[in-house]
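What follows is each chain in one-letter form.
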Amino acid sequence: MENKLFQTLNEAQRHLDAGFAHLPAHPVPALDEAASTILQQVATRLRDNYPYAHPLYAGQMLKPPHPIARAAYALAMSVNPNNHALDGGRASSAMEVEAVAALAKMFDWPQHLGHLSSGGTFANLEALWAAGQLRPGKAIAASDQAHYTHSRISSVLGLSFVTVPSDTDGRMDLTALEHLLATQAIGTVVVTLGTTAIGSVDPLDQILTLQKKHNFRIHVDAAYGGYFTLAGNLSRETRAAFDAIPHADSLVIDPHKHGLQPYGCGCILFRDPTIGRLYKHDSPYTYFSSKDLHLGEISLECSRAGASAVALWATQQLLPYTHGGAFAQGLESGHTAALNLYELLVKSPHFFTPSTPPQLDIVFWTPSAATPEASSVFAQAIFDESAQNDLHLALAQLPTHFFSPDKWKDREINDEKSTVTCLRSVLMKPEHLLWLDHIWQRLDAAAVQVTTVNTSTEPA
Ligand SMILES: *Cc1c(COP(=O)(O)O)cnc(C)c1O
């Protein structure tokens, strides 16, 4: 597979080089013996990783870039364009504009202003920066399951930040939100479609109803979940939230999460193109070659990898964002794999599961035990035991209220803030569905192993 990738890349590289063949030859430094030795060392060092690209890696949010993204990125590296200004990357800037338009079209936005960024954090920073200017003196509100970056960004920007409690499914609690809107000056509500911990989806459709009564901006953080708008198998509630996206004011999506891209590829979209006025500046030196839009004029980041735009553009040509297409089917597989794993967990005597099935492709559960403390100890042990057998899961510290209170027979306090260590699996590779039996066998075996070892001695 790798061979084919390098062969295809070689052919494309020759074609690219031919475009500059009229220039006098100028030899570039060749890779010599020393370089080859160093690369071997690099390869040795890189073995110190989990096997992220393998389907038995089913832990954190890590999805390998598509081979076409790798090839296009590598090809662009020989040019190394900078999408800050057209002088630094004409072709890649044009490809960025097209790639971003494809994202906006996926969300049915008739018009937009947007660009790629180094990731979701910076894209969210731009959204909240704009929010702060458009609603001066008013707070940002996000749920306690929103990415922690929102409170940190708010502090960087000097904006006040309010946390909205989530319900037992990890979605923004509407009653709590309505109370906040009635009692505090909230300028912008951050609605997360696909939370980072459990993939829960805030009810955007119902938050829009509240917007009619209380005037606030809506920023959608769909860094993780955005692409699921293409999936045809979401629950009715989840679908309703995604279908409301055209009414949001701004949105963040990370092509480097679910869009098959290498890291360094986030995206911010504003529904109102006149937001561009906020970015106004007078750089004396950056722009002289053209009257066309320079992406640097609508971005807080200056130098940005043009190669990211090239890789994303190429991937979109191969796997367009169409309902029912191959890319959409990949997301549907992940959701099905998550539902199937959830069903297996529900039936198993070894585990406690939350009462509602996963909304996207992230599953969490905890080993059954008498107390949350004992469940936590077993979770760590099963995590370690699975890893011994090459199944890599993740651990997450989650509120006990995500599980029904009757799960633990010896649970004393009903503290809203109490947490339990959970096992967590992000089934974001399309192949995870095919591998689910293997994953389950290893997980089940680890649970049997851990619980039989521990039945004589209850964990402390
Ligand atoms: C990953 C993520 C972020 C942060 O994005 P980075 O690309 O890691 O900077 C923000 N919000 C959500 C919901 C995320 O899942």
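Residues numbered from 1 in each chain as written. Predicted model: local features only at pLDDT ≥ 70, side-chain atom pairs only at ≥ 80, totals over all residues. Heavy atoms only, no water.

**Considerations on the sheet that holds strand β10 (residues 394–399)**
Strand pairs in the sheet, formed through backbone hydrogen bonds, run parallel or antiparallel to each other.
So, step 1. Across the sheet, which stays open at both edges, the four strands sit in the order β8-β9-β11-β10 with antiparallel pairing between neighbours. Lying at the two open borders of the sheet, with one neighbouring strand each, are β8 (351–352) and β10.
So, step 2. Relative to strand β11 (residues 419–426), β10 runs antiparallel, the two being bridged by six bridges. Bridge pairing links Leu-398 to Val-420 in β11.
So, step 3. Contacts between helix α12 (residues 326–347) and the sheet are confined to β8, β9 (362–367) and β11, with β9 contributing the most and set at about 15 degrees to the helix.
So, step 4. Running over the sheet, helix α13 (residues 372–388) touches β8, β9, β10 and β11 and is turned about 35 degrees from β11. (Pairing = 2+ DSSP bridges. Helix = DSSP H or I, 4+ residues; strand = E, 2+ residues; numbered from the N terminus. Contact = heavy atoms within 4.5 Å. Axes fitted to C-alpha atoms, helices over the stretch in contact; angles between N-to-C directions.)

**Thoughts on the pattern of salt bridges**
So, step 1. Evaluated as defined, the whole model comprises seven salt bridges.
So, step 2. Among the ionic pairs, Arg-171 bridges to Glu-237, the shortest N-O distance being 3.0 Å. With Arg-171 in the loop between β3 (161–164) and α7 (174–183) and Glu-237 in helix α9 (residues 236–243), the pair connects residues that are 66 residues apart, well separated along the chain.
So, step 3. By relative accessible area, which is 12% here, Arg-171 ends up buried.
So, step 4. Its salt-bridge partner being Glu-178, residue Lys-213 comes within 3.1 Å of it at the nearest N-O pair. In this pair, Lys-213 sits in helix α8 (residues 204–213) while Glu-178 sits in helix α7, placing the two residues 35 residues apart along the sequence.
So, step 5. Residue Glu-178 is classed as partly exposed on the basis of its relative accessible area of 30%.
So, step 6. Connected through shared salt-bridge partners, Asp-169, Arg-171 and Glu-237 make up one network. (Salt bridge = Lys/Arg side-chain N within 4 Å of Asp/Glu carboxyl O. Buried < 20%, exposed > 50% of the residue type's maximum accessible area, 1.4 Å probe, protein only.)

**A closer look at the domain arrangement of the chain**
So, step 1. Annotation of the chain at the domain level lists domain 1 (75–318) and domain 2 (326–457).
So, step 2. Centre-to-centre separation of domain 1 and domain 2, based on C-alpha positions: 31 Å.
So, step 3. Taken residue by residue, the interface counts 30 residues in domain 1 and 19 residues in domain 2.
So, step 4. Summing both partners gives a buried area of about 2,100 Å² for domain 1 against domain 2, and 61% of it is carried by carbon and sulfur.
So, step 5. Our count for the domain 1 to domain 2 interface comes out at zero salt bridges.
So, step 6. Counting only elements with at least two residues in the side of domain 1 that touches domain 2, the list comes to α9 and α10 (255–258).
So, step 7. When the residues that make up the side of domain 1 that touches domain 2 are grouped by side-chain class, the tally is eleven nonpolar, 15 polar and four charged. (Domains from an automatic or database assignment. Buried area = accessible area lost by both parts, 1.4 Å probe. Nonpolar A, V, L, I, M, F, W, Y, C, P; charged D, E, K, R; others polar.)

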